[in-house]
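Read off the chains here:
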Amino acid sequence: MHRQLCWLTQSNLPLKTVTLPYLEPSYRGEYQALYQGAPVEFNADRCSLIFDRKLLERPVKQTPESLADFLRNSLYNVLVNTYSNKSWSRLITDEINKDLNHLPTFIQLASKFKINPKRLRRLLSDEGLTYSELKLQLRRDMAIYHLSRQQTSIEEIAFKTGFSEASAFIRAFKKWTGVTPLTYRKDLS
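Here the structure is a predicted model, which means the values were calculated and not measured.

1. Quick word on the sheet that holds strand S2 (residues 40–41)
Phase 1 of the analysis: Sheet architecture is open: three strands sit in the order S2-S1-S3, paired in mixed fashion. Edge strands, defined here as strands with exactly one partner in the open sheet, are S2 and strand S3 (48–51).
Phase 2 of the analysis: Two elements, strand S1 (residues 15–19) and S3, share four bridges in a ladder whose sense is antiparallel. Note on S3: the bridge partner recorded for Thr 17 is Ile 50.

Now the structure itself:
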């Protein structure tokens, strides 16, 4: 539902809290990614998405034509969250995805996009994200992608996701998902 609302407004809608009426799963960290880093509470009385009331004022930017396109691939569109390919978060993600081992500084990105860093920071904030969160999401998503391919070693994945050594990657991955990369890979089998 959250992703559909994001699609309707063509923006990231930051959540304050998510409550879910079931026990915490072993893959708890994936919920952080799903809800863009919002705190997730398990074993709650009800399922809820809590957000700032001012988000209700955002206009619906989709049209009947874009709805028809969306419905053709609705599951894909909701899962990959590509509601706005022109968003600043998408532009920045595309840029930093080029080389995770040499991430540009925020000032370098602002310069590349010919925009004042303060303004770019504010535009990203309007989408509910920071540059740090974007980098973290990208690294995590790349790690999960490579872990699903059994032939890629943990050391290779660490390097491909911008870590200089496997131990730092393993600690970061456990923080993101609650399990080690090896456990995550085994659970996929």
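2. Some points on the environment of Thr 177
Phase 1 of the analysis: Take Thr 177: it is sitting in helix H10 (residues 166–177).
Phase 2 of the analysis: The buried category is assigned to Thr 177, whose relative accessible area is 1%.
Phase 3 of the analysis: Between the C-alpha atom of Thr 177 and that of Ile 144, which follows or precedes it by 33 residues, the distance is 9.8 Å.
Phase 4 of the analysis: At 3.1 Å, the side chain of Thr 177 forms a polar contact with the backbone oxygen of Val 179.

3. Overview of helix H8 (residues 131–147)
Phase 1 of the analysis: The end-to-end C-alpha distance of H8, which contains 17 residues, comes to 24 Å, matching closely the 24 Å that a straight helix rising 1.5 Å per residue would cover.
Phase 2 of the analysis: What H8 keeps buried is the set Tyr 131, Leu 134, Gln 137, Leu 138, Arg 139, Arg 140, Ala 143, His 146 and Leu 147.

4. Details of the packing of H8 against helix H11 (residues 181–188)
Phase 1 of the analysis: In contact at an axis separation of 10 Å, H8 and H11 are set at 50 degrees when each is read in the N-to-C sense. By the angle between their axes, H8 is oblique relative to H11. In this structure, H8 crosses over H11, and the sense of that crossing is right-handed. Of H11, the residues touching H8 (which contributes Ile 144, His 146 and Leu 147) are Pro 181, Tyr 184, Arg 185 and Leu 188.

5. Brief notes about the confidence of the model for the protein chain
Phase 1 of the analysis: Residue-level pLDDT values for the protein chain average 83, and 89% of them are 70 or greater.
Phase 2 of the analysis: Helix H6 (residues 106–112) holds the highest mean pLDDT among the elements of the protein chain, 93, whereas helix H4 (residues 74–80) holds the lowest, 61.

6. A closer look at the environment of Leu 56
Phase 1 of the analysis: Within the fold, Leu 56 resides in the loop between S3 and helix H3 (64–72).
Phase 2 of the analysis: Between the alpha carbons of Leu 56 and Leu 13 there is a distance of 9.8 Å; along the sequence they are 43 residues apart.

7. Details of the packing of aromatic side chains
Phase 1 of the analysis: The tally for this structure, following the rule as stated, stands at eight aromatic pairs.
Phase 2 of the analysis: For the pair Trp 88 and Phe 113, a centre-to-centre distance of 5.7 Å together with 75 degrees between the ring planes defines the contact as edge-to-face. Of this pair, Trp 88 sits in helix H5 (residues 88–96) while Phe 113 is found in the loop between H6 and helix H7 (117–126), placing the two residues 25 residues apart along the sequence.
Phase 3 of the analysis: A ring pair is formed by Phe 173 and Trp 176, whose centres lie 6.2 Å apart and whose planes are at 70 degrees; its orientation type is edge-to-face. With Phe 173 and Trp 176 both in helix H10 and three residues apart, this pair spans about one turn of that helix. With respect to burial, Phe 173 and Trp 176 carry one shared label: buried.
Phase 4 of the analysis: Each member of the aromatic cluster is reached from another via a ring pair, and the members are Phe 163, Phe 169, Phe 173, Trp 176 and Tyr 184.

8. Things to note about unusual backbone geometry
Phase 1 of the analysis: Located in the positive-phi region is Asn 43, a residue other than glycine, with phi close to 60 degrees.
Phase 2 of the analysis: Mapped onto the elements of the fold, Asn 43 is located in the loop between S2 and S3.
Phase 3 of the analysis: Residue classification places Asn 43 among the exposed positions, given a relative accessible area of 55%.
Phase 4 of the analysis: The phi dihedral of Lys 114 is positive, around 55 degrees, even though this residue is not glycine.
Phase 5 of the analysis: By the element assignment, Lys 114 lies in the loop between H6 and H7.

9. Some thoughts on the pairing of S1
Phase 1 of the analysis: Most of S1 sits inside the fold, with four of its five residues counted as buried.
Phase 2 of the analysis: As defined by bridge partners, S1 adjoins S2 across two bridges and the pair is classed as parallel. Bridge assignment links Thr 19 to a residue of S2, and that residue is Glu 41.

Analysis parameters
- Residues numbered from 1 in each chain as written.
- Predicted model: local features only at pLDDT ≥ 70, side-chain atom pairs only at ≥ 80, totals over all residues.
- Heavy atoms only, no water.
- Pairing = 2+ DSSP bridges.
- Helix = DSSP H or I, 4+ residues; strand = E, 2+ residues; numbered from the N terminus.
- Buried < 20%, exposed > 50% of the residue type's maximum accessible area, 1.4 Å probe, protein only.
- Polar contact = N/O pair within 3.5 Å; in protein donor to acceptor, adjacent residues only side chain to side chain.
- Expected span 1.5 Å × (residues − 1).
- Axes fitted to C-alpha atoms, helices over the stretch in contact; angles between N-to-C directions.
- Parallel < 35°, antiparallel > 145°, perpendicular 65-115°, else oblique.
- Left-handed = near helix turned anticlockwise from the far one by under 90°.
- Contact = heavy atoms within 4.5 Å.
- pLDDT = per-residue confidence, 0-100.
- Phe/Tyr/Trp six-rings, centres within 6.5 Å; stacked < 30°, edge-to-face > 60°.

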